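Here's the letter readout for the chains.
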Amino acid sequence: MVQAADTTVLNISAAAGGGPTVLRILLGAQLRRLREAMGITREQAGYAIRASDSKISRLELGRVSFRERDVADLLTLYGVHDAAEREKALGLARRASANGWWHNYNDVLPRWFENYIGLEEAASRIRAYEVQFVPGLLQTEGYARAVTLLGHGGAAPEEIERRVEMRMKRQELLHSEHAPHLWAVVDEAVVRRPLGGAEVMREQLRHLIELCELPNVTLQIVPFARGGHAAAGGPFSILRFAEPDLPDIVYLEQLTSALYLDKREDIERYLTVMEQLCVEAESVTDTPALLKRIHDAM
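The notes below deal with the structure included here. Please read all numbers here as calculations on a predicted model, not as lab measurements.

1. Side note on the state of the cysteines
So, step 1. A complete count under the given rule lists 0 disulfides for this structure.
So, step 2. There is no disulfide at Cys212, and the cysteine sulfur nearest it, in Cys278, is 14 Å away.
So, step 3. Since its relative accessible area comes to 12%, Cys278 is described here as buried.

Written out as structure tokens, the structure is:
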């Protein structure tokens, strides 16, 4: 049983193409399976690496970085003694501890959002619903600057530009070799509110029309005429990953923090709401025409 799990270490090491965040989650899931296969408790595992059971829990969830010594000690405890298999796991630990590109922006990047960027980089499919702003991956530079000024109006100009630069860097994901499919549903208020002024908003609308032509971008608008709708609770995102060991994650952003939900019942509820939103929204094919009408009327 342990040997079969060892082979999985090899598979995820070779297959995982995401950044360090997803590698941490994959390695953590593998270590959890090895521990459970040996009938070892989290408390016992924690004792082996001079840590608490809560640290083992964080490691297995991929929420903290791995030290090679800890991984080596856990592999010994879990009965993984083959040198080649151990090196594969330790190599994965080294990759999982590397910094992503976003670490260059630590001065302006909240820790709670850093986790999301790592997951976004690893996702194969992102579904998002927005009620106030154009989704970050779809914003123009001018619109992104206007959004940044709303939340950081007292910041120095250099900080504002650095935050905008980071958002533009994020958007390279949509044009990368392994770009995820982004399916965004936004309330009509998002595309009618002239954030940054009429000209900034017109540029943003033109950008959205162009993005509708990308094969990995799907955009829908929920019109005012639909009245109330299923997502009365506010904006949210659902991230799905190609790796079978990674569950879907629902991301809920708040003013100064965020929630990450991965329980099956929560995910199923948000998926149901998202499907209902897609039904209530304008069709994908009609969205560019609606955006053009709003653009011409602004």
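2. Thoughts on the nonpolar core
So, step 1. Core analysis: the biggest nonpolar cluster contains 67 residues, and Leu138 and Val191 have the highest contact counts within it.
So, step 2. If one sorts the elements of this core by residue count, helix H2 (residues 20–37) sits on top with 7 residues.
So, step 3. Once residues within four sequence positions are removed from consideration, Leu138 is found in contact with Gln171, Leu174, Leu182, Ala184, Gln204, His207, Leu208, Leu211, Val217 and Leu219.
So, step 4. Trp183, Val185, Val222 and Leu277 belong to the second largest nonpolar core, which has 15 residues in total.

3. Digging into the pairing of strand E1 (residues 125–130)
So, step 1. As paired elements, E1 and strand E2 (residues 181–187) share 6 bridges and run parallel to each other. When the sheet's bridge partners are listed, Arg127 is paired in E2 with Trp183.
So, step 2. Strand direction decides the pairing type here: E1 and strand E4 (residues 236–240), joined by 5 bridges, are antiparallel. What sits directly across from Arg127, in E4, is Ile238.

4. Considering the environment of Leu59
So, step 1. Counting through the fold element by element, Leu59 comes out in helix H4 (residues 53–60).
So, step 2. Sequence separation between Leu59 and Leu27 is 32 residues; the distance between their C-alpha atoms is 8.6 Å.
So, step 3. The residues touching Leu59, leaving out its near neighbours within four places in the chain, are Arg24, Gly28, Ile49, Val64, Ser65 and Phe66.

5. As for the packing of aromatic side chains
So, step 1. Within the structure shown, the criterion is met by 8 aromatic pairs.
So, step 2. With a centroid separation of 4.9 Å and 65° between ring planes, the pair formed by Phe236 and Tyr270 is classed as edge-to-face. In this pair, Phe236 is assigned in strand E4 and Tyr270 in helix H12 (residues 264–280), connecting sequence segments 34 residues apart.
So, step 3. When its relative accessible area of 3% is taken as the criterion, Phe236 is described as buried.
So, step 4. Site record: aromatic cluster; members linked through ring pairs are Trp112, Phe113, Tyr116, Tyr251 and Tyr260.
So, step 5. Over the ring of Trp183 we find Arg127, and its NZ or CZ is 4.8 Å from the ring centre.

6. Overview of the sheet that holds E4
So, step 1. One open sheet holds the 6 strands; their spatial order is E3-E2-E1-E4-E5-E6, and the pairing between them is mixed. Edge positions in the sheet fall to strand E3 (217–222) and strand E6 (258–261), since each of these pairs with one other strand and no more. Going from strand to strand, the sheet's axes swing by 15° on average, the running direction of each strand aside.
So, step 2. Pairing of strand E5 (residues 249–253) with E6, which is carried by 4 bridges, proceeds in the antiparallel orientation. Residue Glu253 lies in a different strand from E6, and its bridge partner there is Ala258.

7. Considerations on helix H13 (residues 287–297)
So, step 1. Taken together, the buried positions of H13 are Thr287, Leu290, Leu291, Ile294 and His295. Viewed end-on, H13 has its buried residues packed into an arc of 140°, placing them on one side of the element. Residues of H13 that are exposed and point over 90 degrees away from its buried face: Arg293 and Ala297.
So, step 2. At its buried positions, H13 is contacted by helix H10 (188–192), helix H11 (198–211) and E3.

The rules behind the values
Residues numbered from 1 in each chain as written. Predicted model: local features only at pLDDT ≥ 70, side-chain atom pairs only at ≥ 80, totals over all residues. Heavy atoms only, no water. Disulfide = S-S within 2.5 Å. Buried < 20%, exposed > 50% of the residue type's maximum accessible area, 1.4 Å probe, protein only. Core = buried A, V, L, I, M, F, W, Y, C linked by side-chain atoms within 4.5 Å. Helix = DSSP H or I, 4+ residues; strand = E, 2+ residues; numbered from the N terminus. Contact = heavy atoms within 4.5 Å. Pairing = 2+ DSSP bridges. Phe/Tyr/Trp six-rings, centres within 6.5 Å; stacked < 30°, edge-to-face > 60°. Lys NZ or Arg CZ within 6 Å of the ring centre and 35° of its normal. Axes fitted to C-alpha atoms, helices over the stretch in contact; angles between N-to-C directions. Arc of directions from axis to C-beta.

As far as function goes, none of this settles anything; it's purely spatial.
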